[in-house]
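The primary structure of each chain is shown beneath.
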Amino acid sequence: MSGLQFEHVRLAAGPRVLVADFSLGIAPGEIATVMGASGAGKSSLLAYACGTLAPGLAASGSVRLDGIEISGLPPERRRIGILFQDDLLFPHLSVGANLGFGLRAETKDRRARIEEALAAAGLAGFAARDPATLSGGQRQRVALMRALLAEPAAILLDEPFGKLDADLRAQMREFVFAHVRERKLPCLMVTHDSQDADAAGGVLRTLENFA
Amino acid sequence: MALGVVPYLTLALFLGPVAAGLVFTLLPAFGYLPALGATQIGAHVFARLFDQPGLTGSVALTLGTGFAASLLSLGIAVGFCAAAHGRPIFRSAERLLAPLLATPHAAIALGFAFLIAPSGWLVRFVSPELTGWTRPPDFASVGDAAGISLVLGLVLKEVPYLLLMAVAAHGQIAATATMATARTLGYSPFAAWFKAILPQLYPQIRLPIYAVLAFSLSTVDVALILGPSNPPPLAVLAVRWANDPLLDLFLPAMAAASLQLLLVGGGIGLWRLGEAAVARVARPWLADGARGAALERTAPVARAALIAIAAINAVCIAAMALWSVAAAWRFPHALPERWSFDNWTRAAGRLAEPAATTLSVAAAATAAALVLVCLCLENEQRRQRAAGPSALWALYLPLLVPQISFLLGAQSLLVRLGWDGTWGALVWFHLLFVLPYVFLVLADPWRALDPRYAKLAACLGAAPWRVFFTVRLPLLLRPILVAAAVGFAVSVGLYLPTVLGGGGRLTSLATEAVSLASGGDRRIVGVYAFLQAMLPLLAYGLALAVPALLFRHRRGLR
């Protein structure tokens with residue numbers, strides 16, 4: 001079975017239940033959306049999927065990627081990419097080296113692959129640049145390319161457009177969604193913005209706030 | 001997992017010698033030292049200790065100078081914070097103070113001794129024109145019986161330390177917002193700081209304050225240079241007796257070191273009671289509504305006091321630099337009459353070995369401390385659980401327990417194991433004092449690094465160690481190098497651990513400078529003291545220059 005499946009996921013911080021019982025199947029190329037108030041456990045759900053959940057949180061249930069249970073794997077072996085609201089480009093590396101960080105070590109023609117990714121982001125020739133000299137939108141595009149170069153089998157979006165202004169937001173959304181669909185990646189997006197959900201066109205879930 | 005062992009290894013490496021050292025100080029103090037034929041356990045060694053002439057005076061001097069130096073230092077540091085908060089000078093204090101903090105106690109004390117001596121710089125500047133003195137006047141301004149010069153020498157070094165700690169602690173409380181609130185309620189800046197900030201800030205700097213008190217009560221190198229010699233402070237007495245070749249006073253030395261432990265423990269306890277008393281008295285004052293406009297007039301005094309301390313520190317180093325290149329500099333000339341580099345070339349032969357030991361021990365102890373601290377913090381990060389307050393107390397232990405009280409015992413243990421005077425033992429002794437500082441400097445920036453960088457790297461397929469080496473270490477390069485410079489500076493400045501760890505066979509710039517000080521050739525002392533003062537500054541320079549160079553095209557890391 002291909003895609004990303006959540007089954008009966010329950011997340012709790014001590015007595016406080018963050019996510020009671022979350023089940024959802026996301027097909028390849030589908031962009032599902034989770035909405036909900038702040039503190040409703042949306043980001044924890046993504047952290048649970050990619051394996052970076054804080055140790056204080058108790059989790060049960062399962063996540064399967066293309067039919068394989070991944071909830072016991074360390075994050076680096078899950079092949080689930082994530083984009084945050086902040087681009088989190090490594091400030092000590094050039095733009096090209098940031099992309100190189102995402103590229104797997106065994107990849108040949110690294111330089112060509114990096115140039116290709118930059119061209120796809122409309123940033124041809126930016127490899128040697130300092131990330132701090134790029135605009136917000138440019139940085140976010142590099143961040144997406146870095147995630148995609150790692151060849152993930154699924155991708156998570158944690159309010160990825162939250163910090164962009166309205167114009168840029170629509171553009172970025174289109175850019176990210178196009179790449180996700182082109183690569184047929186199952187995608188789970190967390191957002192506050194119903195326009196994001198409309199544009200995604202996939203399943204929409206709302207998390208209850210148990211707090 | 002192997003990484004999980006590192007915190008325990010670290011604790012064992014630096015608490016082990018402290019604990020073992022204390023045991024081997026206390027046992028002889030209570031009459032048990034078979035190597036010297038002492039097997040009768042009891043308080044008779046203490047009885048002998050108290051029979052020594054001058055002991056009461058020594059204890060009184062220790063307590064008087066220790067408390068005076070600590071209170072004065074805290075007063076100036078706190079006063080400056082109150083008077084300067086929100087001003088440009090407060091923001092630049094951190095940058096100005098770091099180099100002051102780096103200069104070793106001995107170098108500053110030697111410079112200060114020259115500054116205030118009857119034949120010193122202050123007198124020379126006004127002689128013979130104002131004073132008529134063509135020969136040095138006859139008064140005891142260095143090593144005065146009351147210990148005033150000792151107190152002032154300690155204050156010179158302790159104010160920058162406390163102030164840096166206080167400035168850093170402002171970041172942990174909402175200082176700017178609190179000040180703004182108090183100011184809009186009509187409080188003068190000085191009163192606003194004392195009433196709104198200090199009560200929150202004090203608990204944050206309590207441990208550094210105790211460390212200052214412990215150091216002031218038990219300093220040896222500063223006391224040897226600036227303190228009275230008869231009677232000297234208790235710690236000096238203990239070192240003097242322990243090194244007596246006759247061994248007759250060895251057991252009383254151990255008893256004195258044990259008494260020193262009691263003085264520091266009791267001193268900290270007394271200070272704690274003082275804190276409670278001050279808090280009680282001040283509580284009504286905090287809420288009495290007085291806006292403190294009158295208090296504001298003292299603010300310029302507090303700012304001036306700090307500037308004076310910074311200036312005196314600089315002058316002390318300048319004095320040593322001048323002496324190191326003076327061919328002739330007789331009283332009452334304010335500047336050398338003839339200049340030459342002869343002092344350096346003459347000293348070069350004797351200088352090489354202590355300089356090499358200083359450098360190699362500082363480098364090794366700093367490297368070891370960095371590796372241990374980085375691994376401890378990495379372990380903490382992976383478990384996502386910060387070390388609790390008990391770990392902080394453990395870290396401060398070598399800074400709170402008087403050096404003499406555990407180092408004498410640790411040294412006798414080294415002798416028993418045949419390790420005394422070895423390079424490895426010396427590095428280990430230094431590690432005890434370097435490690436806490438490296439940890440304290442590095443822990444906050446490490447914990448403050450956005451954890452999402454590591455999570456994101458993991459989601460990109462990077463295994464934990466790759467994240468450590470390619471993400472965390474480069475992002476933290478600047479604080480890592482600053483921590484290294486601090487560790488290096490601490491090591492270069494260590495006197496007593498070098499004397500006792502080196503077992504007389506290994507000497508450093510610190511031990512040579514102090515022992516030459518009594519010889520009286522200021523030109524040679526100047527060479528040693530100036531070099532000792534320059535090494536930490538060079539380390540700081542490197543710590544700032546290397547990331548600036550490596551990351552010159554990375555604006556996000558500036």
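Residues numbered from 1 in each chain as written. Chains lettered and ligands numbered in written order. Predicted model: local features only at pLDDT ≥ 70, side-chain atom pairs only at ≥ 80, totals over all residues. Heavy atoms only, no water.

Asker: Outline the packing of aromatic side chains, supporting the account with residue identities and numerical values.
Answerer: With the rule as written, the count across this model stands at 22 aromatic pairs over all chains. With a centroid separation of 6.4 Å and 50° between ring planes, the pair formed by B:W133 and B:F139 is classed as tilted. In this structure, A:R205 is placed above the aromatic ring of A:F22, and the distance from its NZ or CZ to the ring centre is 5.9 Å. Across the ring face of A:F84, the terminal group of B:R452 is positioned such that the distance to the ring centre comes to 5.4 Å. (Phe/Tyr/Trp six-rings, centres within 6.5 Å; stacked < 30°, edge-to-face > 60°. Lys NZ or Arg CZ within 6 Å of the ring centre and 35° of its normal.)

Asker: Can you tell me about the interface of chain B and chain A, naming the residues and giving the values?
Answerer: Each partner contributes to the interface: chain B provides 26 residues, whereas chain A provides 27 residues. Taken over both partners, the interface formed by chain B and chain A buries close to 2400 Å², and the fraction arising from carbon and sulfur atoms is 65%. On inspection of chain B and its partner chain A, the count reaches 1 salt bridge. Between A:D86 and B:R452 there is a salt bridge whose closest N-O contact spans 2.7 Å. For the side of chain B that touches chain A, the element with the most residues is helix 19 (residues 451-459) of chain B, which contributes 7 residues. Counted by class, the side of chain B that touches chain A contains 14 nonpolar, 5 polar and 7 charged residues. (Contact = heavy atoms within 4.5 Å. Buried area = accessible area lost by both parts, 1.4 Å probe. Salt bridge = Lys/Arg side-chain N within 4 Å of Asp/Glu carboxyl O. Helix = DSSP H or I, 4+ residues; strand = E, 2+ residues; numbered from the N terminus. Nonpolar A, V, L, I, M, F, W, Y, C, P; charged D, E, K, R; others polar.)

Asker: I'd love a proper account of unusual backbone geometry, names of residues and values included.
Answerer: For residues besides glycine, phi is generally negative; the peptide bonds are generally trans as well. Residue B:S127 is joined to B:P128 through a cis peptide bond whose omega torsion reads -5°. Within the secondary structure layout, B:P128 lies in the loop between helix 6 (121-126) and helix 7 (148-170). Not every positive phi belongs to a glycine, and A:H8 is a case in point at roughly 45°. Not every positive phi belongs to a glycine, and A:L88 is a case in point at roughly 55°. Assignment of secondary structure puts A:L88 in the loop between strand 6 (80-83) and helix 2 (95-102).

Asker: Outline the sheet that holds strand 5 (residues 68-69) of chain A, supporting the account with residue identities and numerical values.
Answerer: Residues and elements named next belong to chain A. The 4 strands are arranged 2-1-4-5 in an open sheet whose pairing can be described as antiparallel. At either end of the open sheet lies a strand with only one pairing partner, and these are strand 2 (16-26) and strand 5. Two strands pair when backbone bridges link them, and strand 1 (residues 4-13) and strand 4 (residues 58-65) are joined in this way by 7 bridges, in the antiparallel orientation. By the bridge assignment for strand 4, L4 is matched with L65. Running over the sheet, helix 1 (residues 42-50) touches strand 1, strand 2 and strand 4 and is turned about 120° from strand 1. (Pairing = 2+ DSSP bridges. Axes fitted to C-alpha atoms, helices over the stretch in contact; angles between N-to-C directions.)

Asker: Mind laying out the domain arrangement of chain B, listing which residues take part and the relevant values?
Answerer: For an interface, size is often stated in terms of accessible area lost upon the parts coming together. All names here are of chain B. For chain B, the domain assignment lists domain 1 (1-34 + 345-558) and domain 2 (53-340). Between the C-alpha centres of domain 1 and domain 2 there is a distance of 24 Å. Between domain 1 and domain 2, the residue contacts involve 43 residues of the former and 47 residues of the latter. Summed over both partners, the interface of domain 1 with domain 2 comes to about 3600 Å²; 78% of that surface belongs to carbon and sulfur atoms. Here domain 1 and domain 2 share 0 salt bridges between them. For the interface between domain 1 and domain 2, the tally reads 4 residue pairs in polar contact (both at pLDDT 80 or more). Elements with a minimum of two residues in the side of domain 1 that touches domain 2: helix 1 (6-29), helix 16 (389-400), helix 17 (403-417), helix 18 (423-448), helix 21 (477-493), helix 22 (496-502), helix 23 (509-517) and helix 24 (522-550). (Domains from an automatic or database assignment. Polar contact = N/O pair within 3.5 Å; in protein donor to acceptor, adjacent residues only side chain to side chain.)

Asker: Can you tell me about helix 1 of chain A, naming the residues and giving the values?
Answerer: All names here are of chain A. With 8 of its 9 residues buried, helix 1 lies for the most part within the structure. Here helix 1 has its buried residues at K42, S44, L45, L46, A47, Y48, A49 and C50. G51 lies just past helix 1 and shows a positive phi near 90°. (Buried < 20%, exposed > 50% of the residue type's maximum accessible area, 1.4 Å probe, protein only.)

Asker: So what's going on with the packing of helix 10 (residues 206-218) of chain B against helix 13 (residues 250-286) of chain B? Which residues, and what values?
Answerer: Angle between the axes and distance between the axes: these two values describe a pair of packed helices. Residue and element names in this part refer to chain B. Interaxial distance between helix 10 and helix 13 falls to 10 Å at its minimum, and their mutual angle equals 140°. The angle between the axes of helix 10 and helix 13 places the two elements in the oblique class. Of the two possible hands of crossing, helix 10 and helix 13 adopt the one that is right-handed. On the side of helix 10, the interface is formed by R206, I209, Y210, L213, A214, L217 and S218, while helix 13 contributes Q260, L263, V264, G267, I268, W271, R272 and E275. (Parallel < 35°, antiparallel > 145°, perpendicular 65-115°, else oblique. Left-handed = near helix turned anticlockwise from the far one by under 90°.)

Asker: Before we move on, could you go through the pairing of strand 6 of chain A and cite the residues and values that matter?
Answerer: Residue and element names in this part refer to chain A. Alternating positions in strand 6 separate into two faces, I80 and I82 on one and G81 and L83 on the other, with burial throughout. Where strand 6 meets strand 7 (residues 154-158), 4 bridges bridge the pair, whose relative direction is parallel. Of the residues in strand 7, the one forming a bridge with I82 is L156.

Asker: Give a detailed account of the nonpolar core, specifying residues and quantitative values.
Answerer: Within the largest apolar cluster, 237 residues are counted, with the highest numbers of intra-cluster contacts made by A:L4, A:F6, A:F22, A:L156, A:L188, B:W193 and B:L442. Both of domain 1 (1-34 + 345-558) and domain 2 (53-340) of chain B provide at least three residues apiece to this core. In this structure A:F22 touches A:F6, A:E7, A:H8, A:V9, A:V34, A:L45, A:R205 and A:L207, once residues within four positions along its chain are discounted. Counting residues in hydrophobic clusters, the runner-up holds 33 residues, among them A:I31, A:L89, A:L99 and A:C187. (Core = buried A, V, L, I, M, F, W, Y, C linked by side-chain atoms within 4.5 Å.)

Asker: Pulling in residues and values, what's your account of the side chain of B:S405?
Answerer: Residues and elements named next belong to chain B. Counting through the fold element by element, S405 comes out in helix 17. We classify S405 as buried; its relative accessible area is 1%. Contacts of S405, omitting those with residues within four sequence positions, involve G21, L22, T25, A257, Q260 and L261.

Asker: Describe in detail the state of the cysteines, supporting the description with residues and values.
Answerer: In protein structure, a disulfide is the covalent linkage between the sulfur atoms of two cysteines. The final tally for this structure, using the stated rule, is 0 disulfides over all chains. With no disulfide partner, A:C50 has as its closest neighbouring cysteine sulfur the one in B:C459, 3.5 Å distant. (Disulfide = S-S within 2.5 Å.)

Asker: Could you give an account of the sheet that holds strand 6 of chain A, naming the residues involved and the relevant values?
Answerer: Residues and elements named next belong to chain A. Strand order in the open sheet made by the 5 strands is 6-7-8-3-9, with parallel pairing throughout. Edge strands, defined here as strands with exactly one partner in the open sheet, are strand 6 and strand 9 (204-207). Averaged over all pairs of adjacent strands, the angle between strand axes in this sheet comes to 20°, irrespective of strand direction. Strand direction decides the pairing type here: strand 3 (residues 31-36) and strand 9, joined by 4 bridges, are parallel. In the strand pairing of strand 9, T33 is matched with L204. Where helix 1 meets the sheet, its contacts fall on strand 3, strand 6, strand 7, strand 8 (187-190) and strand 9, and the angle it forms with strand 7 comes to roughly 155°.

Asker: Tell me what's going on with the pairing of strand 3 of chain A, and back it up with residues and numbers.
Answerer: Residues and elements named next belong to chain A. Across the 6 residues of strand 3, 6 count as buried, placing the element largely inside the fold. Neither face of strand 3 is left uncovered, since the one carrying I31, T33 and M35 and the one carrying A32, V34 and G36 both have all their residues buried. Across 4 bridges, the pairing between strand 3 and strand 8 is parallel. Within strand 8, the position partnered with V34 by the bridge is V190.

Asker: Give me the lowdown on the pattern of salt bridges, citing residues and values where you can.
Answerer: In total, this model carries 18 salt bridges over all chains according to the counting rule given. The partner of B:E378 in a salt bridge is B:R382, with the nearest N and O atoms 2.9 Å apart. Taken together, the residues span about one helical turn, with B:E378 and B:R382 both in helix 15 (residues 342-383) at a distance of 4 residues. Note on B:R382: relative accessible area 26%, which makes it partly exposed. Connected via shared salt-bridge partners are A:D86, A:K163, B:D450 and B:R452.

Asker: Before we move on, could you go through helix 5 (residues 105-116) of chain B and cite the residues and values that matter?
Answerer: All names here are of chain B. The terminal C-alpha atoms of helix 5 lie 16 Å apart, and with 12 residues this matches the ideal 16 Å at 1.5 Å per residue to within 8%. In terms of residue burial, helix 5 counts as a mostly covered element, since 11 of its 12 residues are buried. Among the residues of helix 5, A106, A107, I108, A109, L110, G111, F112, A113, F114, L115 and I116 are the ones counted as buried. Those residues of helix 5 hidden inside the fold are in contact with helix 6, helix 7, helix 11 (221-226), helix 14 (299-324), helix 23 and helix 24. (Expected span 1.5 Å × (residues − 1).)

Asker: So what's going on with the packing of helix 14 of chain B against helix 24 of chain B? Which residues, and what values?
Answerer: Residue and element names in this part refer to chain B. Running from amino to carboxyl end, helix 14 crosses helix 24 at an angle of 130°, the nearest separation of the two axes being 7 Å. Relative to helix 24, helix 14 is oriented oblique. Two packed elements cross with a definite hand, and for helix 14 against helix 24 that hand is left-handed. Mapping the contact onto sequence places I317, M320, A321, W323 and S324 in helix 14 and R522, R523, V525, G526, V527, A529, F530, A533 and M534 in helix 24. Tallied by class, the residues present in the contact of helix 14 with helix 24 amount to 10 nonpolar, 2 polar and 2 charged.

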